[in-house]
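Overview (structure and organization)
Residue strings, one per chain:
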Amino acid sequence: MRLNVKCILQVVLLLFSLSGYAQKAEGVALWLTNADRSALFEEQQQPMSFSNLETNGPTIAVDDKNNYQEIDGFGFSLTQGSAMHIIRMEPAARAALLKELFAQDGKNIGISYIRLSIGASDLNERIFSYNDLPAGETDPEMLKFNLGPDHQDVIPVMKEILTINPDIKIMGSPWSPPVWMKLVPDTRGSMLKPEWHSAYAKYFVRYIQDMKKEGIAIDAITVQNEPLHPGNNPSLLMPAPDQAIFIKNHLGPAFKKAGIKTKIVLFDHNADRPDYAISIMDDPEVKQYVDGSGFHLYAGRIEALSDVHAAHPDKNVYFTEQMVTERPNSPRINITNPVGRLIIGATRNWSRNVIEWNLAADPQNKPYTDRGGCPSCQGAITIDKNTVTRNLAYYSVAHASKFVRPGSVRISSNEVEGLLNVAFKNPQGKRVLIVANTGPDSAEFNIKSKGKVLSTKLNSGSVGTYIW
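Residues numbered from 1 in each chain as written. Predicted model: local features only at pLDDT ≥ 70, side-chain atom pairs only at ≥ 80, totals over all residues. Heavy atoms only, no water.

So, on to the state of the cysteines. This model, assessed by the stated rule, comprises 1 disulfide. C374 shares a disulfide with C377; S-S distance 2.1 Å. On the sign convention where negative is left-handed, the bridge of C374 and C377, at about 90° about the S-S bond, is right-handed. Each member of the pair, C374 together with C377, is buried. (Disulfide = S-S within 2.5 Å. Buried < 20%, exposed > 50% of the residue type's maximum accessible area, 1.4 Å probe, protein only.)

Below you can see the structure in the form of C-alpha cells.
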C-alpha cells in the first residue's frame, strides 16, 4: 500500500513537471500582413518555438531587463464624421463592427485609445462649438455651454464602445474655440482674445464635466490641435508663448480649482517643432500643470520625440495624429510604411501611444468641411451603408493594438538594418515583437529571448507581430 502511494506521488510530480515544461515550451504566435495581400493581419498556423539553434541571419535580441515607457494604447480619432457613419448603420451591423474594432478576443483588433474633437474638427458635416452665440453676444461663465451636436452621434457611439471596453483611454482636442472668443470671429484661423482666456479655460472644464455626466471619462486633453496651422477649418493660431500663458494662468488653475485630474498635453502638432514643447516646459510654472506633449508627423523627424524626452524626461510624450491612406483597390498594401514610421518609430522614441487619424469615412472620404477640410482623409475603415472595407490604417494599428495592451512596457530590442522593430512586455507577461521588413528582399533572421532563439522569415514589405 505504501508503494502504491509512493508511485502515485511520483506520477503526480511527473505530470506536474511535464505541465510546467509544456508551459515553458509554449510556442510563438505570429500575426502577419504581406505586401501582396496574401495575408492581412492573419494568425499563421505553422508551429513556431524557440530552440538552441541559431541561423546565420541577423538577430533581433529582445531583453526585458531594460524597460522604457509604459504604453497607454493604440487607436484612431473618432471624428463626428466617423461617428455619423457608424450610428447610421443598422444595429446588428454596427454592433458587429464595434466588437471587431474594440474587443480583443478572437480576430477582433482591440483598439484601446480614442481621440475626440472638442467641438467640430475638419472632418465634420458642419462646424460648431459648444457655445455658439449670435453676433455680439458673449458667455464668459459658460451658462449656455451645451454638447448639443455630439448627442446625435459621438456620444451614443462612445457609449456603445464603452460597453465593449470600459477602460478605453480618451483624449479630447479642440480645433477652434467659439468664434466670439477670437480676434476675428471666424471658425478658420485667427487667435484667442486675451480677455477670454479664463472663459476658454471654463469651456474645457465644462467639456470634461459634461462628458463625465454622460459616462465618458476624458483621460487627457490637448490645448490646441495643430496650433501653428491656422489654414484648417476650423482652426486657431496659438504660438508657444500664448499657449504657455493660457496653461499657466488659466487652464491649469481652472483644472486645479475644479478638481479635474484630466491630463493636459501641450503642442499637438508636427515633429519639426520640438522647440515649441520644450520652450513651454522650460517654464516651471507651466510645467507643473502639464503631463506631456503631443506630436504629428506631417513634417519633421520622429526622432524629435526623443529630443523632447531628453529635455524633459519627467514628462510624457504622445503621438496624437497621422493620416494614413492607400489607393482604393490597390493590389499591394504598403504596410511597412505606417508600421515602421508610426507604430515602431513613435514608440521607440518614447511615445506612450499612437493615434492615427480618422477612424471612418465613406467612399468619397466624406464628410469634410469647406475652406480647409480634408478631401483626401481616408478612414481606417470605409463605410458604405452597412458594408465595411478595411484600409491600410486599420491593419497598421491592429499589429499593435491587439497585443500591446495598456499597461505594457516597451523593452529593449536592437536595431537591424532593413528589419525595423520594437518590443514590449504586456500585462500578461508575454513578449510582443513587431517587425517590418523594409528591405528589397525576403529576410531570414533570428529572434533571441532569454538565451533561446527563434529562426523566422519575412517577405519584403511584410509586417509580423510575434507573441510568446
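From this point, the narrative continues.
Both the distance between ring centres and the angle between the ring planes are used here to describe each pair of aromatic rings. Counted under the stated rule, the structure contains 19 aromatic pairs. A connected cluster of aromatic rings, assembled from ring pairs, spans F128, Y130, F145, Y200, Y203, F204, Y207 and F246. Against the face of Y68 rests R410, its NZ or CZ located 4.0 Å from the ring centre. (Phe/Tyr/Trp six-rings, centres within 6.5 Å; stacked < 30°, edge-to-face > 60°. Lys NZ or Arg CZ within 6 Å of the ring centre and 35° of its normal.)

Another aspect to go through is the environment of D384. Summarising the element assignment, D384 is placed in strand 13 (residues 381–384). Taking the C-alpha atoms as reference, D384 lies 37 Å from D272; in sequence the two are 112 residues apart. (Helix = DSSP H or I, 4+ residues; strand = E, 2+ residues; numbered from the N terminus.)

So, about the side chain of N437. As for its position among the elements, N437 is in strand 17 (residues 431–437). A relative accessible area of 2% means that N437 is categorised as buried. Residue contacts for N437: discarding those within four places in its chain leaves T336, G418, L419, S442, A443, L458, N459, S460, G461 and S462. (Contact = heavy atoms within 4.5 Å.)

Right, let's get into the packing of helix 10 (residues 336–348) against helix 11 (residues 392–401). Orientation of helix 10 relative to helix 11, taken along the N-to-C sense of each, is 50°, at an axis distance of 10 Å. By the criterion of interaxial angle, the relationship of helix 10 to helix 11 is oblique. Helix 11 is crossed by helix 10, and the crossing has right-handed handedness. Taking contact as the criterion, the partners of P338, V339 and I343 in helix 10 are, on helix 11, L392, S396, V397 and A400. Of the residues that constitute the contact of helix 10 with helix 11, the class distribution is 6 nonpolar, 1 polar and no charged. (Axes fitted to C-alpha atoms, helices over the stretch in contact; angles between N-to-C directions. Parallel < 35°, antiparallel > 145°, perpendicular 65-115°, else oblique. Left-handed = near helix turned anticlockwise from the far one by under 90°. Nonpolar A, V, L, I, M, F, W, Y, C, P; charged D, E, K, R; others polar.)

A word on the environment of E42. With respect to the helices and strands, E42 occurs in strand 2 (residues 42–43). Filtering out sequence-adjacent residues up to four positions away, E42 remains in contact with L30, W31 and L32.

Once that is clear, we can look at the pairing of strand 16 (residues 419–425). Within strand 16, 5 of the 7 residues are buried, leaving the element largely enclosed by the surrounding structure. Alignment of strand 15 (residues 409–413) against strand 16, held across 3 bridges, turns out to be antiparallel. Each residue of the ladder has a partner; that of R410, found in strand 16, is F424. Between strand 15 and strand 16, which follow one another and run antiparallel, lie 5 residues, and G418 among them has a positive phi close to 85°. Pairing of strand 16 with strand 17 involves 7 bridges; the strand directions are antiparallel. What sits directly across from L419, in strand 17, is N437. Taken together, strand 16 and the strand that follows it, strand 17, pair antiparallel across an intervening segment of 5 residues, in which G429 is found at a positive phi of about 85°. (Pairing = 2+ DSSP bridges.)

By themselves these figures say nothing about function.
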